[in-house]
Amino acid sequence: MNLSELKPGQKGRILKLESTIGPIRRRLMDMGVVPGEIIKVEKVAPMGDPIEVTLKGYSLSLRKGEARGVEIEVQP
Amino acid sequence: MNNRKQIVVAVAGNPNAGKSTLINAIAGSRLHVGNWPGVTVEKKEAGFEFEGHYIRLVDLPGCYSLSPYTQEEIITRDYLVQEPPDLIVNVVDATNLERNLYLTVQLMELGIPLVMALNIYDEAESKGLRINASQMAETLGIAVIPTSAVKKSGLDDLLRTVVQVADSPEAHRPKRLNYGEDVENALEGILDHILHSHASLLDRYPVRWLLLKILEEDASVLKAANITSGSLPQQPFDHLRRAHGDDIEGLMADARYAMVAGLCREVLSRPEKRNPELTERIDRIVLNRFLGIPIFMAAMWLLFKLTFDLSAPFGEWIKDMTGGPFKRWTEVVMGTIGAPDWTVSLVNDGVIAGVGSVLVFVPVIFAMMFFITFLEGSGYMARAAFVMDRAMHAIGLHGKSFIPMLLGFGCNVAGIYATRTLENPKDKVLTALLIPLMSCGARLPVYVLFVGIFFPDNSGTVIWVLYILGMALAVLMGFLFKKTLFRGEVPMFIMELPPYRMPSFVSLCLHTWEKGKHFLIKAGTYIFAVSVLVWFLLNLPWGVENKHESYLGRAGSVIAPVFKPLGFGTWEAASSLITGVIAKEIVVGTMGEIYAPKKDDEGEKEQPTLGEDVKEIMVSFSGAGIKAVSSLFYLPIEAEKEEDTTALNEAVKGHFTPLSAFAFMAFVLLYMPCMVVVAAMRQEFGTWRWAGMAALYSTLLAWVVAFLVYQGGMLLGLGG
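Residues numbered from 1 in each chain as written. Chains lettered and ligands numbered in written order. Predicted model: local features only at pLDDT ≥ 70, side-chain atom pairs only at ≥ 80, totals over all residues. Heavy atoms only, no water.

### Some details on the side chain of Ser504(B)
Next, step 1: Residue position: Ser504(B) is located in the loop between β10 (495-496) and α24 (505-539).
Next, step 2: Among the polar contacts made by the side chain of Ser504(B), one reaches the main-chain amide nitrogen of Ser507(B) at a distance of 3.0 Å. (Helix = DSSP H or I, 4+ residues; strand = E, 2+ residues; numbered from the N terminus. Polar contact = N/O pair within 3.5 Å; in protein donor to acceptor, adjacent residues only side chain to side chain.)

Okay, here's the thing in structure tokens:
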């Protein structure tokens, strides 16, 4: 399952970052999207993309296309 | 003045950590703003005395990491490695400790003495976050000073610490952080190799940083150090890969974040119960599925209104000053010393008008900068991009491209300067290239003149068609540029949504002032030069009676054949298009002068008094042009109303057909943006490349579109 499939309010644990191209992957990591991290989807933009997530106590926005490369498992 | 050596302090930190505010609070008006060489990223510096020491602050661009990917990151790390400062002040957002410390850890790898400004500390405290600063200082081996840039607290402490650390740098090297046995062993292995084969590198680079970059196989470092990855011993890498997988760069990001997480467990305690923060509550409304877009549109309407309406009266005032009293005084002064007519005209219509045409832009640039900086500082800019990204991304742009393009409808120059909110240089350039296709306020008088004559019953519709034509072509050109100039770029929208904060008013004003000053000096120089040049074109040979005989008229005759297939191949039309490069609105003024010249010589002979002379100057050829430049942004229909245009209307009617009039309007919409836009692009991007590109492609596009309109219309039998 990947991050773009989560509904607002759902949380997931990041398993790995795959199928993302180098710079995007590195940028995600620099922003704290690293394996083991708990990430929560807060909102979807009014037009359906991008999404807002929270992790490490701050808010991040990313496009669904970028979120698709983040593999997660749903957390309760 | 001082014999002590200066202390060079580099200030680094995440975006939104309050770095600018901190620097403004410390340095205030002593700040000097420039650009980093070759890029559009701003470089701020300030030098000042503090308790007997001379401190030079260098503000590094805000960045989240020292990866070699974004422009900001590359500038920061190149500076720190190539010109190591005496120490680094790392500005850290205390309310967002974990992500901010990720950069801290990387800065520590450089081995440069580090002082942490634990900023926004007051807000962290009021949120109930407890940070054990002294323990953090001890664990990391650096000084940690709580500060609040907005409240100006802790700043003296910070500077005092800076001086102390600079006095005994060796005692203040940050601790070497241990990234775990596997990583450390691999680093040892690489060190052995470097000592053997590349020992000279150790003088050029901080050792630990070099080893880490080699381990991460950082392409730019390997290249600069002249190391091919094949020549490296494979053993340290293989061992790591076996234990942790192939992605060593990822492993290191992980290791650093693990280090930070461990540190946060030690020094940070969060309150048990948490009330929804203000930011969350605001976002529930502002980013709401149904309210998000209406709120966004209302905000944009307000931004547009404030930027253009607020600055308009000031622009008018400057225009009246330079166009009236200034000229009058020059006339008097130059008259008393008996200066010849042509020098008076040069000073008035060339020099003063040139200065005036720069000054009239100041209010709108200031207003735009102020509100844009406010939107950024408050946190709404990121939300605006979040709301609009879907639509903008669909046409190959970034969510943040919307605001510059919107402002382009008021004034393209304002739009160009607003592109600075885009971080990625490619997004920035692409947006700027498309802004000239947004029909600005200065083009409206041209439409008004022509639709009034040829389409009196559908004037509104025709003008709308032109606006939409511009937008549609922007979409088309956007795609074309993406596929050609910017092929292979990785579009990204990974962006922090920072908490809402009230920006400091002083900081806003300082920033606005710096930008406005830059425009005046840098772009102003070009604009001024062109204005004087145009004076020569318009007025020489001196005393020319027939406009056809002036250099302008001759130039118009030369290029007129180019416009023949577009339906307006006359020297009159061509000449007015040439002057339209100063400002598109001048097209109308020039046409007035050519088609329906006013009999101004009578007044000159009978009434050489000052008050009357001002009027004369205003209707003189270039005087009319200057007036147009001056009223560039304010939907200038009203400004033109006073003039009696019946003679002009009749003449235009005789020279154009409805079809060629429409082709002409399309051409005016699209061809080369005015010189102020070109100068702004030159200044903003530090090269003529994109400014030239914009001028060239838009003119070609204008020709093609006008050609299609006219020839297509002829084929359809609309030529009559």
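### Digging into unusual backbone geometry
Next, step 1: Cis geometry is found at the peptide bond from Asp49(A) to Pro50(A), where omega equals -5°.
Next, step 2: Here Pro50(A) shows up in the loop between β2 (38-44) and β3 (51-55).
Next, step 3: With a phi angle near 45°, Glu51(B) is a residue other than glycine that sits in the positive phi range.
Next, step 4: Summarising the element assignment, Glu51(B) is placed in the loop between β3 (42-50) and β4 (53-59).
Next, step 5: Positive phi values are uncommon outside glycine, yet Lys152(B) reaches one of about 55°.

### Some words on the interface of chain B and chain A
Next, step 1: Facing 42 residues of chain B, the contacting portion of chain A comprises 31 residues.
Next, step 2: Roughly 3400 Å² is buried in total at the junction of chain B and chain A, and carbon and sulfur atoms are behind 60% of that figure.
Next, step 3: Considering only the side of chain B, the residues that lose the most area to chain A are Phe386(B), Arg390(B) and Ile494(B), jointly responsible for 21% of the buried surface there.
Next, step 4: Run the count over chain B and chain A and you get five salt bridges. (Contact = heavy atoms within 4.5 Å. Buried area = accessible area lost by both parts, 1.4 Å probe. Salt bridge = Lys/Arg side-chain N within 4 Å of Asp/Glu carboxyl O.)

### Points about the packing of aromatic side chains
Next, step 1: Under the definition given, this model contains 25 aromatic pairs over all chains.
Next, step 2: Residues Phe450(B) and Phe454(B) carry aromatic rings whose centres are separated by 6.3 Å and whose planes lie at 20° to one another, so their mutual orientation is stacked. Note that Phe450(B) and Phe454(B) are positioned in helix α22 (residues 444-454) at a spacing of four residues, about one turn of the helix. This pair shows no difference in class: Phe450(B) is buried, exactly as Phe454(B) is.
Next, step 3: The ring of Tyr58(A) has Arg99(B) lying over it, and the distance from NZ or CZ to the ring centre is 4.3 Å.
Next, step 4: For Arg383(B), the ring lying beneath its charged end belongs to Tyr500(B), and the centroid distance is 4.2 Å. (Phe/Tyr/Trp six-rings, centres within 6.5 Å; stacked < 30°, edge-to-face > 60°. Buried < 20%, exposed > 50% of the residue type's maximum accessible area, 1.4 Å probe, protein only. Lys NZ or Arg CZ within 6 Å of the ring centre and 35° of its normal.)

### Side note on the pairing of strand β4 (residues 58-62) of chain A
Next, step 1: In terms of residue burial, β4(A) counts as a mostly covered element, since five of its five residues are buried.
Next, step 2: Burial of β4(A) is two-sided: the residues Tyr58(A), Leu60(A) and Leu62(A) facing one way and the residues Ser59(A) and Ser61(A) facing the other way are all buried.
Next, step 3: Here β3(A) pairs with β4(A) via five bridges, running antiparallel. Within β4(A), the residue paired with Val53(A) across the bridge is Leu60(A).
Next, step 4: If you look at the hairpin formed by β3(A) and β4(A), you'll find two residues sitting between the two strands, and Lys56(A) has a positive phi there, around 45°.
Next, step 5: Strand direction decides the pairing type here: β4(A) and β10(B), joined by two bridges, are antiparallel. Looking at β10(B), one finds that Ser61(A) is bridged to Met495(B). (Pairing = 2+ DSSP bridges.)

These figures capture arrangement, not role.
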